[in-house]
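Listed below, chain by chain, are the residues.
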Amino acid sequence: MIDIDNFSCNRCGQRVESWAVRRPKFDCSSCGKKYQSNYKALMKRCIYIFAAVELLIGSLIWAFSSSWQLALALSIELGWVGAILVAMLVFRLSLRIDEVSD
């Protein structure tokens, strides 16, 4: 798993600032090694996953409950927690930083 806040260059070992690592393409400030990150695309994907899981949990609760008010309250409470956990898990497991050949 990649720690994006403490990323260091593979070539020289110098720490790369976290704001730079969050860009799609960045380079090491000391040796110039180029990298690419899927951070922004993955962040968008996780927002879509969050929305889909929230709607899925809400619709499942609505299908099995007797009132829409109860379904709405439970989906807001349980759906948000479940959707955030799923989106964070997908983000942590899918984050990649690849070296770009010179």
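Heads up: the structure comes first, above all this text.
Residues numbered from 1 in each chain as written. Predicted model: local features only at pLDDT ≥ 70, side-chain atom pairs only at ≥ 80, totals over all residues. Heavy atoms only, no water.

**Topic: the pattern of salt bridges**
According to the stated counting rule, one finds 4 salt bridges in the structure shown. Ionic pairing is found between Asp5 and Arg22, a salt bridge with its closest N-O pair at 3.0 Å. Linking Asp5 in the segment before helix H1 (18-21) with Arg22 in the loop between H1 and strand S1 (25-27), this pair joins segments that are 17 residues apart in sequence. The partly exposed category is assigned to Asp5, whose relative accessible area is 35%. Looking at Arg22, the relative accessible area reads 26%, which means it is partly exposed. (Salt bridge = Lys/Arg side-chain N within 4 Å of Asp/Glu carboxyl O. Helix = DSSP H or I, 4+ residues; strand = E, 2+ residues; numbered from the N terminus. Buried < 20%, exposed > 50% of the residue type's maximum accessible area, 1.4 Å probe, protein only.)

**Some details on the environment of Glu99**
Along the polypeptide, Glu99 turns up in strand S3 (residues 97-99). Take Glu99: its relative accessible area is 42%, and that puts it in the partly exposed class. Measuring from C-alpha to C-alpha, the distance between Glu99 and Asp27 comes to 9.4 Å, with 72 residues separating the pair along the chain. Apart from residues no more than four positions distant in its own chain, Glu99 is found in contact with Asn10, Lys33, Lys34 and Tyr35. One polar contact links Glu99 to Asn10, side chain to side chain, over a distance of 2.8 Å. Side-chain polar atoms of Glu99 contact the side chain of Lys33, separated by 3.5 Å. (Contact = heavy atoms within 4.5 Å. Polar contact = N/O pair within 3.5 Å; in protein donor to acceptor, adjacent residues only side chain to side chain.)

**Some words on the pairing of strand S2 (residues 34-37)**
Because side chains alternate across S2, one face comprises the buried residues Tyr35 and Ser37, and the other comprises Lys34 and Gln36, none of which is buried. In this sheet, S2 lies alongside S1 in antiparallel orientation, the contact comprising 3 bridges. Its bridge partner being in S2, Lys25 is matched across the sheet by Gln36. The antiparallel hairpin formed by S1 and S2 contains 6 residues in its connecting segment, where Gly32 sits at a positive phi of about 85°. (Pairing = 2+ DSSP bridges.)

**Some words on the sheet that holds S1**
Strand order in this open sheet of 3 strands is S1-S2-S3, and the pairing throughout is antiparallel. Only two strands of the sheet have a single neighbouring strand rather than two, namely S1 and S3. Direction aside, neighbouring strands of the sheet carry axes that sit 30° apart on average. (Axes fitted to C-alpha atoms, helices over the stretch in contact; angles between N-to-C directions.)

**Topic: a nonpolar patch on the surface**
There is a patch of nonpolar side chains on the surface, built from Trp62, Trp68, Leu72, Ile76, Trp80, Ile84 and Met88 and spanning about 800 Å² of accessible area. Among the elements that make up the nonpolar patch, the one with the highest residue count is helix H3 (residues 68-94) (6 residues). (Patch = residues over 30% accessible without salt bridge, like charges linked within 9 Å, V, L, I, M, F, W, Y side chains within 5 Å. Areas by Shrake-Rupley, 256 points an atom, 1.4 Å probe, with all protein chains shown as cover.)

**Topic: the packing of aromatic side chains**
Aromatic rings in a pair are described by how distant their centres are and how their planes are angled relative to each other. Following the criterion strictly, the structure yields 5 aromatic pairs and no others. Ring centres of Phe26 and Tyr35 lie 5.5 Å apart, and the angle between their planes is 20°; on these two criteria the pair is classed as stacked. Here the two residues Phe26 and Tyr35 agree in accessibility, since each one is buried. Three or more aromatic residues joined by ring pairs make a cluster, and in this case those are Phe7, Phe26 and Tyr35. (Phe/Tyr/Trp six-rings, centres within 6.5 Å; stacked < 30°, edge-to-face > 60°.)

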